[in-house]
Amino acid sequence: DAGITQSPRYKITETGRQVTLMCHQTWSHSYMFWYRQDLGHGLRLIYYSAAADITDKGEVPDGYVVSRSKTENFPLTLESATRSQTSVYFCATLTQATYGYTFGSGTRLTVV
Amino acid sequence: ELKVEQNPLFLSMQEGKNYTIYCNYSTTSDRLYWYRQDPGKSLESLFVLLSNGAVKQEGRLMASLDTKARLSTLHITAAVHDLSATYFCAVDTGSGNTGKLIFGQGTTLQVKP
């Protein structure tokens, strides 16, 4: 199916473990983004990517690592999960022609 | 540092009434977005406002942008229960086509029958 897919949908992990959230798009959009959503903060940008092998930090990058070896995939890794990283994570792409963003369904991550 | 502030943060209103949600931002930007989010769901794009004076309408919702005042409004006309959701505005901080969004805190709208 065309679109943007995030996996897993839900994840529970322990403090200190490494966990990777996946994001896959079928449109070949250049720009991809990771946001986290916490109560009272709206969404905050973690990392973004302008193209394969080009990534940059957003507002709240600490504790996260990204890579983008292929245009269609943009995984987000928590190298050593902490309870403060319990959140809902959204991946998004940008359609440059219309300036429109499309968000994935989200991953609800709980760190215990 | 760019800040985006919405008010009110919570709005309870009766069906059939009109109301406005305000979105103020602290730096220059020519692109502003409005999204709707239902509980446990993703963000649904409502409007993309790309220039000063832009006005867009869809059904009972109308959004406008005043870049000089750094203010966008989302006006709800004759509210119905189906409009109950959380509404976010977001300002694009990128130059050209880079695109990085700063979000407001969200306004939770509850429409009562």
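Remember, it's a predicted structure, so these values are computed and weren't measured experimentally. (Residues numbered from 1 in each chain as written. Chains lettered and ligands numbered in written order. Predicted model: local features only at pLDDT ≥ 70, side-chain atom pairs only at ≥ 80, totals over all residues. Heavy atoms only, no water.)

Visitor: Describe in detail the overall build of chain B, supporting the description with residues and values.
Guide: Assigned secondary structure in chain B consists of zero helices and 11 strands. Starting at the N terminus, the α and β elements of chain B follow one another as β-β-β-β-β-β-β-β-β-β-β. Computed over C-alpha atoms, the radius of gyration of chain B comes to 14 Å, within 12% of the 13 Å expected from 2.2 N^0.38 for 113 residues, which places it in the range of a compact globule. Projected onto its principal axes, the C-alpha coordinates of chain B cover approximately 45 × 30 × 20 Å. Per-residue burial over chain B gives 46% buried out of 113 residues. (Helix = DSSP H or I, 4+ residues; strand = E, 2+ residues; numbered from the N terminus. Rg over C-alpha atoms; globule rule 2.2 N^0.38 Å. Buried < 20%, exposed > 50% of the residue type's maximum accessible area, 1.4 Å probe, protein only.)

Visitor: Pulling in residues and values, what's your account of the state of the cysteines?
Guide: Applying the stated criterion to the full structure yields two disulfides over all chains. Sulfur-sulfur distance for the disulfide between A:Cys23 and A:Cys91 comes to 1.9 Å. On the sign convention where negative means left-handed, the S-S torsion of about -75° between A:Cys23 and A:Cys91 marks this disulfide as left-handed. Of this pair, A:Cys23 sits in strand 3 (residues 19-25) while A:Cys91 is found in strand 9 (residues 87-95), placing the two residues 68 residues apart along the sequence. Given a relative accessible area of 1%, A:Cys23 falls into the buried group. The residue that forms a disulfide with B:Cys23 is B:Cys89, at a sulfur-sulfur distance of 2.0 Å. Of note, the bridge from B:Cys23 to B:Cys89 carries an S-S torsion of about 80° and is right-handed in sense. Taken together, the residues B:Cys23 in strand 3 (residues 19-25) and B:Cys89 in strand 9 (residues 85-92) connect sequence positions 66 residues apart. When its relative accessible area of 0% is taken as the criterion, B:Cys23 is described as buried. (Disulfide = S-S within 2.5 Å.)

Visitor: Describe the interface of chain B and chain A, with residues and values.
Guide: Counting residues at the interface gives 22 residues for chain B, matched by 20 residues for chain A. Linking chain B with chain A are zero salt bridges. Each residue belonging to the side of chain B that touches chain A can be placed in one class, and the counts come to nine nonpolar, nine polar and four charged. (Contact = heavy atoms within 4.5 Å. Salt bridge = Lys/Arg side-chain N within 4 Å of Asp/Glu carboxyl O. Nonpolar A, V, L, I, M, F, W, Y, C, P; charged D, E, K, R; others polar.)

Visitor: A description of the pattern of salt bridges should follow, citing residues and the corresponding values.
Guide: All names here are of chain A. Applying the stated criterion across every chain yields a total of five salt bridges over all chains. Among the ionic pairs, Asp38 bridges to Arg44, the shortest N-O distance being 2.9 Å. One salt-bridge network, in which partners are shared between bridges, spans Arg36, Asp38 and Arg44.

Visitor: Explain the environment of A:Thr26 to me, and be specific about the residues and the numbers.
Guide: Residue and element names in this part refer to chain A. The residue Thr26 is located in the loop between strand 3 and strand 4 (31-38) in this model. Accessibility expressed as a relative area gives 38% for Thr26, which makes it partly exposed. Between the C-alpha atom of Thr26 and that of Arg36, which follows or precedes it by 10 residues, the distance is 22 Å. Among the polar contacts made by the side chain of Thr26, one reaches the main-chain amide nitrogen of Gly3 at a distance of 2.6 Å. (Polar contact = N/O pair within 3.5 Å; in protein donor to acceptor, adjacent residues only side chain to side chain.)

None of this, on its own, says anything about what the molecule does.
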